[in-house]
Amino acid sequence: MTEASPRRRGRPRDADLEDRVFDAVLEVYSETSWRGFTLDAVGRRARVGRAALYRRWDSKDDLLVQALEARSPLPDPIDTGSLRADLVELAGQLLRGYRTTSGLVSLRVALDARAHPELLARLTDTLNRSRVLAARTIVHRAVARGELRADASVTLLLEMVTGAVLSHVLFALGSPATAAEDEAYAETIVDATIRALAPPQPDH
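Parameters and conventions
- Residues numbered from 1 in each chain as written.
- Predicted model: local features only at pLDDT ≥ 70, side-chain atom pairs only at ≥ 80, totals over all residues.
- Heavy atoms only, no water.
- 1 Å grid on protein atoms, 1.4 Å probe; cavity = no way out; pocket = protein on both sides within 12 Å on 5 of 7 lines; lining within 4 Å.
- Points joined across faces, edges and corners; volume = space filled by probe spheres on them.
- Nonpolar A, V, L, I, M, F, W, Y, C, P; charged D, E, K, R; others polar.
- Helix = DSSP H or I, 4+ residues; strand = E, 2+ residues; numbered from the N terminus.
- Axes fitted to C-alpha atoms, helices over the stretch in contact; angles between N-to-C directions.
- Left-handed = near helix turned anticlockwise from the far one by under 90°.
- Contact = heavy atoms within 4.5 Å.
- Phe/Tyr/Trp six-rings, centres within 6.5 Å; stacked < 30°, edge-to-face > 60°.
- Lys NZ or Arg CZ within 6 Å of the ring centre and 35° of its normal.
- Salt bridge = Lys/Arg side-chain N within 4 Å of Asp/Glu carboxyl O.
- Buried < 20%, exposed > 50% of the residue type's maximum accessible area, 1.4 Å probe, protein only.
- Expected span 1.5 Å × (residues − 1).
- Bend = angle between axes of the 7 residues up to and from the residue.
- Parallel < 35°, antiparallel > 145°, perpendicular 65-115°, else oblique.

J.: Looking at this structure, how should I read the layout of surface pockets?
T.: The probe, sized like a water molecule, is rolled over the atoms to show the empty space still left. Considering only enclosed or pocket space, the largest pocket measures out at about 630 Å³ in volume. Tyr 98, Ala 110, Asn 128, Arg 131 and Leu 166 are, among the 24 residues lining the largest pocket, the residues nearest its centre. Taken together, the residues of the lining of the largest pocket sort by class into 13 nonpolar, 6 polar and 5 charged. Lining the second largest pocket are 12 residues, and of these Arg 99, Ala 172, Ser 175, Pro 176 and Ala 177 lie nearest its centre. Within the residue set of the lining of the second largest pocket, elements represented by two or more residues are helix H8 (154–171) and helix H9 (179–197). The dominant element in the lining of the second largest pocket, judged by the number of residues it contributes, is H9, at 3 residues. For the lining of the second largest pocket, a count of residues per class yields 6 nonpolar, 3 polar and 3 charged.

Following this line, the structure appears as structure tokens:
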């Protein structure tokens, strides 16, 4: 057979089946991590037969990648017209996203990748790609507007914003933050980031 294999083999897309399977993926992974995560465990949780799973996904890697792509807290397109507002929106999206089950699973995948780099490299690439692209686009627009230096580091900007967000989500104590508190926190970390990376003001 010379034709290229489709991404999902066998039967056409079944949105209801995928929804149930992706829900089960997040539940099973959040309970078992990578070591206990199997197609059979997902099938039992989703009440989907083994044959149906294996017709659509070659491996648990493929299934986890697709579930995270569909459900993980990847940022929506952002273009408000200013660096500060773009970064505040990015931070807000990540704050909200990391508090969901899919967001917590994505963090767990990133931690598991430390112990299983050869198995999970593709998964961490999937999680990081969209965030890096969003940050790079924000930086390039800000440079063009003169809001950032031309040599501004996308990596540093992303680490400063997302690192603070992750720390806040993981270690904040007390009751869940309100939308107003999240916005205030996002503004605080963004203002600190801009002060650190903004071009120097000319002497008068």
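J.: What exactly am I supposed to notice about the packing of helix H5 (residues 83–98) against H8 here?
T.: Two quantities define a packed helix pair, namely the angle between the axes and the distance from one axis to the other. Running from N to C, H5 and H8 cross one another at 35°; their axes reach a closest spacing of 10 Å. As for the relative orientation of H5 and H8, their crossing is right-handed in sense. Mapping the contact onto sequence places Leu 87, Ala 91, Leu 94, Leu 95 and Tyr 98 in H5 and Leu 157, Val 161, Thr 162, Val 165, Leu 166, His 168 and Val 169 in H8. For the contact of H5 with H8, the per-class residue count stands at 10 nonpolar, 2 polar and no charged.

J.: Which parts of the structure should I look at to understand the packing of aromatic side chains?
T.: Two numbers describe a pair of aromatic rings. These are the distance of the centres and the angle of the planes. Under the defined criterion, the tally for this structure stands at 3 aromatic pairs. Through pairs of rings, three or more aromatic residues link up here, namely Tyr 29, Trp 34 and Phe 37. Sitting above the plane of the Trp 34 ring, Lys 60 keeps its charged end 4.0 Å from the centroid.

J.: Even after reading the chapter, I still don't get the side chain of Asp 182, so can you show me in this structure?
T.: Within the element layout of this structure, Asp 182 appears in helix H9. If near-sequence neighbours (up to four positions away) are discounted, Asp 182 is found in contact with Leu 95, Arg 99 and Ala 177.

J.: Just to check I follow, could you spell out the pattern of salt bridges for this structure?
T.: Side chains that carry opposite charge are capable of pairing whenever their charged atoms lie near each other. In the structure shown here, the tally under the stated rule is 13 salt bridges. The closest approach of N and O atoms between Arg 99 and Asp 182, which form a salt bridge, is 2.7 Å. Here Arg 99 is found in the loop between H5 and helix H6 (101–115), whereas its partner Asp 182 is found in helix H9, with 83 residues between them in sequence. Residue class for Arg 99 comes out partly exposed when judged on its relative accessible area of 35%. Through salt bridges with shared partners, a single ionic network connects Asp 19, Asp 23 and Arg 71.

J.: In this structure, what is going on with helix H1 (residues 15–36)? I would like to understand it.
T.: Working note: α-helix, 3.6 residues per turn, so residues spaced by three or four point in the same direction. Its 22 residues give H1 an end-to-end C-alpha distance of only 26 Å, which falls more than 12% under 32 Å, the value for a rise of 1.5 Å per residue. The sharpest bend along H1 comes to roughly 80°, located at Ser 30. Buried within H1 are the following residues: Leu 17, Glu 18, Val 21, Phe 22, Ala 24, Val 25, Leu 26, Val 28, Tyr 29, Ser 33 and Trp 34.

J.: Any chance you could explain the packing of H1 against H6 here in plain terms?
T.: Axis separation between H1 and H6 bottoms out at 10 Å; the angle between their running directions is 30°. By the angle class used here, H1 and H6 are roughly parallel. Crossing of H1 over H6 shows left-handed handedness. In this structure, H1 contributes Leu 26, Tyr 29, Ser 30, Glu 31, Thr 32, Ser 33 and Trp 34 to the contact, and H6 contributes Thr 101, Ser 102, Val 105, Arg 108, Val 109 and Asp 112.

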